[in-house]
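Topology and contacts: notes
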Amino acid sequence: MSCLHKRPKRTNSEELAFQEQVKKVAQENGKRLGLEGDADLQFLLIGGELVKIRSSSWKKNRVFKLQEDCKTLWHESHKMFKKNHTFSIDDIDSVRTGRQSEGLNKYTDPSVEEQCFSIIFKGRKRNLDLMAANGEEAKQWVRGLNKIISNMRNLNRQQKSEHWLINCMRKADKNDDNKMTLKELKHFLRQINIEVDDTYAEEIFKTCDESNSGSLEGSEIKHFYDLLTQREEIDVIYGNYAQTEGQMSARDLLSFLLNEQREQVSMEDALKMIEKYEMDEMAKQRKHMTKDGFLMYLHQEEGSILKPAHRNVYQDMSQPLNHYYISSSHNTYLMEDQLKGPSSTEAYIKALMKSCRCVELDCWDGANGEPVIYHGYTLTSKVLFKDVIKAIKEYAFKTSDYPVILSLENHCTVDQQKVMAHHLISILGEALVTKPLGKTMPTHFPSPEELKGKFLIKGKRLNKLDVVFTGNSTIEEDTVSEEDEAADCKENEQKSKPKKSKIKLAKELSDIIIYCKSVHFNGFEHAKDNQAFYEMSSFKESKAFNLADTSATAYMHHNMDKLSRIYPAGSRTDSSNYNPVPMWNVGCQIVALNFQTPSKEMHLNQGRFLPNGFCGYILKPEFQRSLSSQFDPNTLTKGPWLKRKVFHVMVISAQQLPKLNKDKHKSIVDPLVRVEIHGVPADNASKETHYIENNGFNPMWNERFQFNIQVPELAMVQFVVEDYDSTTQNDFIGQYCLPLTSVQNGYRHVPLLTKRGDVICSAGLFVHLMLLDVQ
């Protein structure tokens, strides 16, 4: 007996009707994305043949086609059990024109540049390197995909949610007859992560099946959809304020905005919001807001937890560079672990596209006189230094204009150091800072604003910076002590502590180290008396944590005129991370983390740099910049840092949490929410809700928590959603983290991010927040 069930073959008339229906569905979805009648969308829906490239010998023709849901790309596969293969547009990070991926660069000829493009996925999924028949077709594929990606990202939460639900309904309609039987309805409910007992499913079904035909169609499906998406908690809030003929008048809305949302708004603002969000023309004319308009507002940026003003650069960017926390990566070239994982230019691109502003390059002698980057003394693969610099130049300022620091760990011989200097100068060109700004010897750092679009090199220098102005440097090359991290790396390798190595340094490389000269740390007093502002030290995590525990105020003062870089212990061979918060608490700027590792620590890093336009720079609080400050995060005394507040959090509900085990037909999540505060030790806290059985679609908790906050300017709040498991560790569903100073009061929607930091399209939390001064 065959175990593969084939769908019965359609007759010609059935096939025509089916194709017509598919066309109609595609039109509806195109319209929903704002791409109705768009030529590039039509091109993708028709699809076509592309060459898929994996190596110089593996180049295969494959048909690619956009599905009618306008969010899934299908391509044929010649694997035994995988005739068809699909992936969601949501999984795409970016689409790149030309031979910009490592694969296309390596396996194709420069003559086919215009025919090539790459689909780069979020997470660790392998890039898709493709070649079209000609340049025009390649452009159309890239244009079409980018339009869909961009328009899907611009849909608000409500629209994403509708798009997702409607397409889930379509998938549940197994026989494509545009009707829904009770069996299909149950399958659909499981797909959207909601376990409904048979009686309830039959009840909804009967309520909606007004025609008593045994299946739902047309307006009955719409009725079913409305019943399903009803938000009881929104009904209650709206009902409390809709005091004018069952609707919210402009005055009612103003009352809600002032009392619940604690926003500083006027009647004029309330009227503008009705104009902006109300969809019912009759209500709009009467200056009323219906429940649908109210829900639309709550799903927009204005209704989000993050203050809208903080989505853009809002801080003063004209302070010296060392007055900012700087988003920083450790061993940026690695895609996985520190022992045998691949090194790649792709890892630099991914970090830079996440607004990382300090990347690390471990440089070693390579073949044919060309330096390479890899993790020395290990089996990690090697990548050419010049290829990395080209990739950095291309992607450094795509998400942020503010300066990028290249932290060099130099193990090369003098000859290859000269090659490194040549590549840096010739590839980075005018963007490379090769002398101090201004005509006189500086006494402090320039600002991120002054350094926009510039690269700074961090490394060893043969002499003081003053020689740039006195011109009495005749040294050609000399020996300098090895970088601290390089010595630590060797120490891990050799077990016994080796003598600190000396390396020969080429003048050409030394001369382009301007504002970030690496020096060994010999104590805060020594640094104060002997170090210039541009001389900076790197601290291994254990050393840095010890200093933060025992000499917090001295560490903070050190960071007021110098830069500090912290890096993970060499023993973290799995690329795990340390907690960055205690380092920020003492004002350390370059707190380098393994960006390639999805982890709690990276979630905190993403949260710290989320506001200020996600530009990779966050201005430190005034008390970490003022010379008179005696702030110590471990022992809180009176001072400008002490601004006691009470943070009230009510976790109300969640919407459309993703299924964790998509292959297991009956697996439904049992969600709980944990609210965590990360900041000075006195503020650290964590509280969680009870778990709700078998409902990831619209679980409701209505649980209240209260947190006492001492130093709000250093506090972050994190919402973690997990799937409860009584026998093993809970499974991670999603999280969101942001500084407490960027939180909006009132009823707010909280987006959820995956472990790797990507937005989960239709999922989110609904909360009520109130941050109040302690009387």
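Anything mentioned here points back to the structure above.
Procedures and definitions
- Residues numbered from 1 in each chain as written.
- Predicted model: local features only at pLDDT ≥ 70, side-chain atom pairs only at ≥ 80, totals over all residues.
- Heavy atoms only, no water.
- 1 Å grid on protein atoms, 1.4 Å probe; cavity = no way out; pocket = protein on both sides within 12 Å on 5 of 7 lines; lining within 4 Å.
- Points joined across faces, edges and corners; volume = space filled by probe spheres on them.
- Phe/Tyr/Trp six-rings, centres within 6.5 Å; stacked < 30°, edge-to-face > 60°.
- Buried < 20%, exposed > 50% of the residue type's maximum accessible area, 1.4 Å probe, protein only.
- Helix = DSSP H or I, 4+ residues; strand = E, 2+ residues; numbered from the N terminus.
- Arc of directions from axis to C-beta.
- Contact = heavy atoms within 4.5 Å.
- Salt bridge = Lys/Arg side-chain N within 4 Å of Asp/Glu carboxyl O.
- Polar contact = N/O pair within 3.5 Å; in protein donor to acceptor, adjacent residues only side chain to side chain.

Turning next to empty space enclosed by the protein. One pass over the structure, following the stated rule, counts 3 cavities of 30 Å³ or more. Considering only enclosed or pocket space, the largest cavity measures out at about 50 Å³ in volume.

Let us look at the packing of aromatic side chains. The description of an aromatic ring pair rests on the distance of the ring centres and on the angle between the ring planes. For the coordinates displayed, the defined rule picks out 28 aromatic pairs. Ring centres 5.1 Å apart and planes at 65° place the aromatic pair Phe521 and Phe524 in the edge-to-face group. We note that Phe521, like Phe524, is buried. Through a chain of ring-to-ring contacts, the aromatic side chains of Tyr238, Tyr241, Phe256, Tyr277, Phe294, Tyr297, Tyr747 and Phe766 assemble into a single cluster.

So, on to helix α11 (residues 267–277). By the burial criterion, the buried members of α11 are Ala270, Met273, Ile274 and Tyr277. Along α11, the residues classed as buried sweep out an arc of 100° about the axis, all on the same side. Facing away from the buried side of α11 by more than 90 degrees, the exposed set consists of Glu268, Lys272, Glu275 and Lys276. In this structure, the buried side of α11 is in contact with α10 (250–259), α12 (281–285), β9 (288–289) and α13 (291–299).

For the rest of this paragraph, the subject is the pattern of salt bridges. Pairing between side chains of opposite charge can happen when the charged atoms of each approach one another. Applying the stated criterion to the full structure yields 30 salt bridges. Between Arg748 and Glu263 there is a salt bridge, with the nearest N and O atoms lying 2.8 Å from each other. On the criterion of sequence distance, the pair formed by Arg748 in strand β29 (residues 746–753) and Glu263 in the loop between α10 and α11 is long-range, its members being 485 residues apart. Arg748 sits in the buried class, given a relative accessible area of 0%. For Glu263, a relative accessible area of 19% puts it in the buried group. The salt bridge partner of Lys452 is Glu449, with a shortest N-O separation of 3.4 Å. Residue class for Lys452 comes out partly exposed when judged on its relative accessible area of 36%. Classification of Glu449 as partly exposed rests on a relative accessible area of 37%. Here the salt bridges do not stand alone but share partners, grouping Asp38, Asp40, Glu136, Arg143 and Lys147 into one network.

To continue, consider the side chain of Arg565. As for its placement among the helices and strands, Arg565 is situated in strand β20 (residues 564–567). A relative accessible area of 2% means that Arg565 is categorised as buried. Polar side-chain contacts of Arg565 include one of 3.3 Å to the side chain of Glu360.

Everything listed here is a matter of coordinates, which is why it stays silent on function.
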